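Each chain, letter by letter, is given below.
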Amino acid sequence: MAKSVQRLGLKHIVITSVSRDDLPDGGARHFAKTISAIKKISPGTSTEVLIPDFRGSPDAIGIVVDACPDVIGHNLETVPRLYGEVRRDADYARSLDVLALIKRLNSKIWTKSGIMLGLGEKEGEVLQVLCDLRRINCDFITLGQYLQPTDVHCTVTEYVPPEKFNYFGEIARVLGFIRVLSCPLARSSYRAEEMLRGLK
Amino acid sequence: MGATVLMPIVGATIRTAFIIEWYKQEGESVLQGEPLLEVLTKKAVFKVEAPITGTVYKLLVSDKTALPIDIPIAILAEEGDDDAVLQKMVVEALDALSKAPPIDKDLATVITCSIADHQAKVCN
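Residues numbered from 1 in each chain as written. Chains lettered and ligands numbered in written order. Predicted model: local features only at pLDDT ≥ 70, side-chain atom pairs only at ≥ 80, totals over all residues. Heavy atoms only, no water.

**So, the confidence of the model for chain B**
Residues and elements named next belong to chain B.
Thought 1: Across chain B, pLDDT averages 84, with 83% of residues at or above 70.
Thought 2: Taken together, the stretch residues 111-124 has pLDDT below 50 and engages in 28 contacts with residues farther than four places along the chain or on a different chain.
Thought 3: Of the two predicted TM-score estimates for the complex, the pTM is 0.89 and the ipTM is 0.81. (pLDDT = per-residue confidence, 0-100. Contact = heavy atoms within 4.5 Å.)

**A short note on the packing of aromatic side chains**
Thought 1: A complete count under the given rule lists five aromatic pairs over all chains for this structure.
Thought 2: An angle of 90° between the planes, with centres 6.3 Å apart, marks the rings of F31(A) and F54(A) as edge-to-face. Taken as a pair, F31(A) in helix α2 (residues 28-41) and F54(A) in the loop between β2 (46-50) and α3 (58-66) lie far apart in primary sequence, 23 residues in all.
Thought 3: Residue F54(A) is classed as buried on the basis of its relative accessible area of 5%.
Thought 4: Through a chain of ring-to-ring contacts, three or more aromatic side chains come together here, namely Y167(A), F168(A) and F18(B).
Thought 5: In this structure, R134(A) packs its charged tip against the face of F177(A), placed 5.7 Å from the ring centre. (Phe/Tyr/Trp six-rings, centres within 6.5 Å; stacked < 30°, edge-to-face > 60°. Helix = DSSP H or I, 4+ residues; strand = E, 2+ residues; numbered from the N terminus. Buried < 20%, exposed > 50% of the residue type's maximum accessible area, 1.4 Å probe, protein only. Lys NZ or Arg CZ within 6 Å of the ring centre and 35° of its normal.)

**A short note on the pattern of salt bridges**
Opposite charge on two side chains permits pairing when their charged atoms draw close.
Residue and element names in this part refer to chain B.
Thought 1: If you walk through the whole model with that rule in mind, you get 16 salt bridges over all chains.
Thought 2: Its salt-bridge partner being D95, residue K99 comes within 2.9 Å of it at the nearest N-O pair.
Thought 3: In this structure D95 comes out as partly exposed when scored by relative accessible area, which is 37%. (Salt bridge = Lys/Arg side-chain N within 4 Å of Asp/Glu carboxyl O.)

**With respect to the packing of helix α6 (residues 123-135) of chain A against helix α7 (residues 162-175) of chain A**
All names here are of chain A.
Thought 1: Running from amino to carboxyl end, α6 crosses α7 at an angle of 30°, the nearest separation of the two axes being 10 Å. With respect to each other, α6 and α7 are oriented roughly parallel. As α6 runs across α7, the sense of the crossing is right-handed. Contacts from E123, V126, L127, L130, C131 and R134 in α6 reach K164, Y167, F168, I171, A172 and L175 in α7.
Thought 2: Of the residues contributing to the contact of α6 with α7, the split by class is nine nonpolar, no polar and three charged. (Axes fitted to C-alpha atoms, helices over the stretch in contact; angles between N-to-C directions. Parallel < 35°, antiparallel > 145°, perpendicular 65-115°, else oblique. Left-handed = near helix turned anticlockwise from the far one by under 90°. Nonpolar A, V, L, I, M, F, W, Y, C, P; charged D, E, K, R; others polar.)

Set out below in structure tokens:
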């Protein structure tokens, strides 16, 4: 991975993984080693990791934090009411705790989260998620349109108009997020490098 | 006797609130304790409950509006209320609204975002 980053001359990289709950550390050491390797041979590249919740393990989260990536992202994905349908094995409070712990362990690491719209969430529920994230000092937020990847995934309830994304984005800024990306095409890694501009 | 609904005080540091959505429209009946509207502050989203059972006589402020706390936002009527008395309550409430302190500038920016159907306006 580090060699690829160096060879491609990347300014910024977003690293993610599938959930590795089969591993004792949930894959945290693999994240940490990858970050360290990139920093070693490509020190000018900013690093961002999009991590699973590691089942809330402070040890696993600490391992990733100790590797000091510039950004650690963990997506809430949707509003808590829809977790049963959209994130069956996840827990809203636990995901918030993950982001809160990262900030407590190293306040210099930017924290980032994202949610998908169009799953049947209500406006007030989205705004409450934004408030919850700001309460734990989450820095960056992305809001994007949910698209159904396969027939077995949740159906799209609504195609949210761009104006509504602008509205949520405006409120997110007012609530104190340092960087906000809110548009139908936004994904957690979308234009990720731009979010760090002016912050280093 | 009808009731004037105030934007509630929700914390020592909160001076401005933003109406996300009215759950009830003028003329609709409402039960005491039933959510009347949903509000955003810089800390949380919360629901404002109807203080009495009756009907919504007048919504003084539209949704998607940022405004100070502790000012009138609606008038509720009880069965048998005198219309002249309710009208007087509306006039007094609008007068209080017109003298409301300025809102936090940052929350005010929400209402100036470039969305026609989300622009703020005070109902007349």
